[in-house]
Amino acid sequence: MSAETNPILSMIAELQDVEQFKVQHWEGSFADYLDIVREDPNVARNAYQRVYDMIMHFGTEEYTEYKKRIVRYRFFDDPFDDGRDAVFGIDVHLMKLVNVLKSAALGYGAERRVILLHGPVGSAKSTIARLLKKGLEWYSKQPEGRMYTFSWVMPDGEEIPSPLNEEPLKLIPPEMRETVLAEINRSGRGRYPVSPEGDLDPVSRFMYRETMKEVGGDWTKLVERVKVRRLIASEKDRVCIGTFQPKDEKNQDSTELTGDINYRKIAEYGSESDPRAFNFDGEFCVANRGIIEFVEVLKLDVAFLYDLLGASQEHVIKPKKFAQTAIDEVIIGHTNEPEYRKLQSNEFMEALRDRTIKIDIPYITKWHEEARIYQKDFNRKRVRKHIAPHTLEMAAMWSVLTRLEDPKKPNLTLVQKLKLYDGRTLPGFTEDNVKELRKAAKREGMDGISPRYVQDKISNALVRDADATSINPFMVLNELESGLDNHSLISDEETKKRYRDLLGVVKKEYEDIVKNEVQKAIAADEEAITRLCANYIDNVKAYTLKEKVKNAFTGQYEEPNERLMRSIEEKIDIPETRKDDFRRELMNYIGGLAIDGRTFDYRTNERLHKALELKLFEDQKDSIKLTSLVSQVVDKETQAKIDIVKQRLIDNYGYDEQSATDVLNFVASIFARGDSKESG
Ligand SMILES: Nc1ncnc2c1ncn2[C@@H]1O[C@H](COP(=O)(O)OP(=O)(O)OP(=O)(O)O)[C@@H](O)[C@H]1O
Ligand SMILES: [Mg+2]
């Protein structure tokens, strides 16, 4: 069936980008390539320069924190994958990482070091490495990030690619390079001077020698045997991106890093030392021109260390039976604390320690930044079930609390400290105080619960009850609690107890949050407030003029309702002794408005508004409590009231039917508890 008749095929035909394909598979002569480099010398950047420019490609944002200027690199929002690998809340540390890459790009020395991401389990080390790799894949497809390599074309048409995907400019003999590069760099169009380092890979060197013989020493003829082509980084295809993961020590073999002899090909080429009989497929070879990631780099067997040291310090590797071979790649490793501590005390590893730049990647210590992780993971697009408001927020509160050190100040609770860190203000605490708090807690962010644990427990909560249409904070908090029993990383009971206690703290905070929310939803009844306000003002007016009030129901005149007035005024702490003043001032104000022909609006009086809201809430909460706690049978009128509040929770606060019902019941039960305490 052809694309014209099959709708899906024609859809695909429309989506495909043939132009793009052609561009990314560009091939040309060496001369064509020289034209490209002259036009845009950035195509010949080295790996550090390309990776740094890739990050900068996405731009930056700035903000100040504790009076310091912080740069947020938009790259870390993960522009490639819909934010899936976005990294939040550790901008200061990401800045350090980017600065190291910058220094390496400029050739200030960092390019001769292993970049070591160091932090507790689940602190985004792998995520950062993955992001860099994805970024390079993407960038190499863009015109701004393009790079090139070459193949040798044999007279019979066979093509032998440079196994290390070498930069074509390295074909220029060393003694001529300087002059040619000076010519290329003269334009000033490159962000960095073009200066490819080192000699060609062994295969290309071999081909170079052989071809040179054939063309009688004429270099211009030699490059006619070369085909230059666009190079697109791809982790899947093992192009420009390598990952090395240590296995158990006995199985490690340095050929995994530098490549191995291909015995089948020895027969073809006749000699073990013919580079064409060697597979340059070790991770270092694969990653040339791009990035190599060392997972748990410090678990590496010592035998590998020499390879790693040579690769970082000298930018060379030593494949079996071949001379040292130049490489150009970003070397990034990660490790957690226990391994790093071993490194500190291991003399044997001193050489490595000396050649690493350690960048701490701690856990997030800002509550709402932590919440963003879970919001990203469990957003609407990915989760079918409804997640009640505050669910992820409360899980995040707990994980951050486990990471904070107890404040040394007696007048500050741990939760208050968390809120200060989160950017809230507290009377008596300045920005400088918060900065001091942070400084005093040196290890903060290196211990505590990992986001991965929380992610797992949220998933558990989501699948636990197949019939439930939504999950609420309690389900997640319970899941977090029961998981502690067999948490593999926390063995001591004291820590577990502390974490359990902190769950209690979070529940308490949640109570306050939803109490407030339901209170607002109930009091958001404008009609009722207006009625209550009118009633209050009628009474106050009668009171100040020493008159009687007409009862709207019976039509009879009665004394002003002192109980009603006081119950409102008490909500904003107006003492008995001040009530006359308060009432008189209010009447004067309303009188003043009347003279101008205007009427009073309670919304213009903040204090009165609040008092009315609180009073209204108090009046109405009883009806809600009654329904939920006392019986299944609710009179029509009460049910109507509840439904209105529920609808408000759904419309304005992000609840669904189920979670709104739950939260109303929950808040009612809190008040029931409160009431019985008061009376008891
Ligand atoms: N600062 C952060 N911003 C966004 N997500 C984060 C952050 N920290 C951790 N995560 C999330 O936590 C999970 C674990 O992260 P990751 O696998 O990158 O950690 P890691 O440091 O490599 O852990 P390990 O030491 O166990 O290998 C991921 O889902 C990641 O998205
Ligand atoms: Mg990891």
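Refer to the structure above for everything that follows.
Note that this is a predicted model, so its numbers are computed, not measured. (Residues numbered from 1 in each chain as written. Chains lettered and ligands numbered in written order. Predicted model: local features only at pLDDT ≥ 70, side-chain atom pairs only at ≥ 80, totals over all residues. Heavy atoms only, no water.)

Caption draft 1: Here's a closer look at the site of ligand 1. For ligand 1, the set of nearby residues contains 16 residues, the closest of which are F88, G122, K125, S126 and T127. Between S123 and ligand 1, the recorded distance is 2.9 Å, taken from a backbone N or O atom to an oxygen atom. Contact between ligand 1 and T127: an oxygen atom at 2.5 Å from a side-chain N or O atom of the residue. Elements with a contribution of two residues or more to the shell around ligand 1: α6 (125-141), α16 (367-377) and α20 (451-464). (Near = heavy atom within 4 Å. Polar contact = N/O pair within 3.5 Å; in protein donor to acceptor, adjacent residues only side chain to side chain. Helix = DSSP H or I, 4+ residues; strand = E, 2+ residues; numbered from the N terminus.)

Caption draft 2: Molecular detail of unusual backbone geometry. Residues other than glycine seldom take positive phi values, yet C240 does so here, at roughly 65°. Among the secondary structure elements, C240 is positioned in the loop between β7 (226-231) and β8 (241-244).

Caption draft 3: Looking closely at the pattern of salt bridges. In the structure shown here, the tally under the stated rule is 58 salt bridges. In this structure, E197 and R112 form a salt bridge, with 3.5 Å as the shortest nitrogen-oxygen distance. Of the two residues, E197 sits in the loop between α7 (174-185) and α8 (202-214) while R112 sits in the loop between α5 (91-105) and β4 (114-118), which places them 85 residues apart along the sequence. Residue class for E197 comes out partly exposed when judged on its relative accessible area of 42%. Here D274 and R276 are joined by a salt bridge, their closest N and O atoms 2.8 Å apart. (Salt bridge = Lys/Arg side-chain N within 4 Å of Asp/Glu carboxyl O. Buried < 20%, exposed > 50% of the residue type's maximum accessible area, 1.4 Å probe, protein only.)

Caption draft 4: Representation of the pairing of strand β2 (residues 60-65) within the structure. Of the strand pairs in this sheet, β2 and strand β3 (residues 68-73) are connected by 6 bridges, and their pairing is antiparallel. For T60, the partnering residue across the bridge sits in β3 and is Y73. Count of turn residues in the β2/β3 antiparallel hairpin: 2 residues, of which Y66 carries a positive phi of about 45°. (Pairing = 2+ DSSP bridges.)

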